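Observations on the model geometry
The lines below spell out each chain.
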Amino acid sequence: MKTVELIAPCHFGLEAVLKREILDLGYEIVKVEDGRITFRTDLDGIARANIFLRTAERILLKIGSFKAYTFDDLFEGTKKLPWEDYIPENGRFWVKKASTAKSKLFSAPDIQSIVKKAMVDRMKSKYKVSWFNEDGDDYPVRVFILKDQVTISLDTTGIPLHKRGYRKLVSEAPIRETLAAALLMITPWHKDRILVDPFCGSGTFLIEAAMMGMNMAPGMNRSFESEHWSNFLPKKAWYDTIDEANDLVNHDIEMDLQGYDKDPRMLKIARQNAQDAEVDHLIHFQQREVKDLRHPKPYGFIIANPPYGERLEDQETLPQLYTEMKEAFDRLDTWSKYVITSYEDTEKYLGKPTKKRKVYNGMIRGEFYQYLGPKPPRRRK
């Protein structure tokens, strides 16, 4: 069976989480770089990676890599790649994105134009035609150049993987689904433990936690660009992967997931999103401010994405809000707490964390503050 290399971009600083996911799928890691992991698989892996990976942003099919110091190098290197193995004669292809860093070639529009011309030149000679109608399926191309090393790939995903399909309504500062899943996965939380989000917004953390607890594949209810590439990727790969995903879902699980927000409009959105994700039966949403956060259980987990002053009108209220959060956290002193925020005075109010990790939510740089509580005593058998 033909093997290919796939590239999975992810959030900076969370590569280790994605690496573990890829290894759990049974695939071989080729290279780990900042914000992207290359791995080797068979063609069926295109479907499985898109449907099962929770923390990847998209799945790229690597066509080739080469050094390019000039536009002539870029043209010739692109022309040597076996495009006819992947794009049919009537395929619609274009360079969707070109990004470059620390390289002699830096003009994205010129890179896009030259790569497209080289592809056309190659396929004209292979298909013995002088013109392409491009009225077939879409084959978007992505070019990434780092230190003059060009990597060219086909985008198998289309709409980014963080768009699972359940979140049609969002809060003003939503956390990406892929980032929420990754942050949950680096904590010791598991499906048998209580999880509370006191700033639940549109419900992303809790919905991702519920899907993880049910073992529900994040991509099983959406579509992908490469579903239509039957010229080299058989439809059977998609059907088999969806069957595999359905067989793995645990519909009988019980979980203790609680989401609070002071805004009733947000709670309505969160409930609708949870319903669309088919996990609403596992999550309890309630209108409540963080100052009223209490819980009778001695051990549990809190994960939060509180406001951090992106809007000017929020900045004046942050000291009071973070003071109230600190008081609530102190009441639950045996719980573990995890907070993602870019608020510079977080440690002033919440104290020094046990661990801290730099993360990006979109273009916003923040920190993931981890306040680890004591381990609960083992239950007697």
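The text that follows walks through the structure, step by step, so that each part is easy to find. (Residues numbered from 1 in each chain as written. Predicted model: local features only at pLDDT ≥ 70, side-chain atom pairs only at ≥ 80, totals over all residues. Heavy atoms only, no water.)

**What about the sheet that holds strand 8 (residues 195–197)?**
What counts here: The criterion for strand pairing is that DSSP finds at least two bridges linking the strands in question. Runs of E in the DSSP output that reach at least two residues are strands. Runs of H or I that reach at least four are helices, and both are numbered from the N terminus. Fitted lines through C-alpha atoms serve as axes, helices being fitted only where they are in contact, and the angles separating the N-to-C directions of these axes extend from 0 to 180 degrees. Throughout, a residue-residue contact means that at least one pair of heavy atoms, one from each residue, lies within 4.5 Å.
Pairing is mixed in the open sheet, where 7 strands are placed in the order 10-9-8-11-12-14-13. At either margin of the open sheet sits one strand with a lone partner, and together these are strand 10 (283–287) and strand 13 (355–361). Averaged over all pairs of adjacent strands, the angle between their axes in this sheet comes to 20 degrees, without regard to strand direction. As judged from the 7 bridges shared by strand 13 and strand 14 (residues 364–371), these two strands associate in the antiparallel manner. Counted as the bridge partner of R357 is F368 from strand 14. Its contacts with the sheet place helix 8 (residues 264–276) against strand 9 (257–261) and strand 10, and it is angled at close to 170 degrees to strand 10.

**So, the pattern of salt bridges**
Formally: Each salt bridge in this description consists of a side-chain nitrogen of Lys or Arg and a carboxyl oxygen of Asp or Glu lying within 4 Å of one another. Relative accessible area decides the class of each residue, using a 1.4 Å probe on protein chains only: under 20% of the type maximum gives buried, over 50% gives exposed, and in between gives partly exposed.
The full count for this structure, using the stated rule, is 20 salt bridges. The residue D121 makes a salt bridge to K79 at a minimum N-O spacing of 2.9 Å. Here the residue D121 occupies a position in helix 4 (residues 108–127), and K79 occupies one in helix 3 (residues 71–79), the gap between them amounting to 42 residues. Take D121: its relative accessible area is 32%, and that puts it in the partly exposed class. On the basis of relative accessible area, K79 is assigned to the partly exposed category, the value being 28%.

**Observations regarding the environment of V129**
Here V129 shows up in the loop between helix 4 and strand 6 (138–146). Classification of V129 as partly exposed rests on a relative accessible area of 22%. As a C-alpha pair, V129 and E89 span 40 residues in sequence and 8.9 Å in three-dimensional space. Those residues within four positions of V129 in sequence are excluded, and the remaining contacts are E89 and K124.

**Quick word on the environment of L206**
Here L206 is to be found in helix 6 (residues 204–214). A residue is classified by how much of its surface remains accessible, and L206, at 0% relative accessible area, is buried. Sequence-wise, L206 and K235 are 29 residues apart; in three dimensions their C-alpha atoms are separated by 33 Å. Discounting chain neighbours no more than four positions away, the residues touching L206 are L195, D197, C200, L257, Q258, G259, I283 and F285.

**Concerning the nonpolar core**
Where we set the bar: Residues belong to one nonpolar core when they are buried, are Ala, Val, Leu, Ile, Met, Phe, Trp, Tyr or Cys, and are joined through side-chain atoms within 4.5 Å.
W83, V143, L154, L183, V279 and I283 are the most contacted members of the largest nonpolar core, which totals 96 residues. The greatest single-element share of this core, amounting to 7 residues, is contributed by helix 6. The residues touching V279, leaving out its near neighbours within four places in the chain, are I207, A210, M211, M214, M216 and A274. If you look at the next biggest cluster of nonpolar residues, it comprises 23 residues, including V196, Y322, Y343 and Y369.

Coordinates in, geometry out; function isn't part of it.
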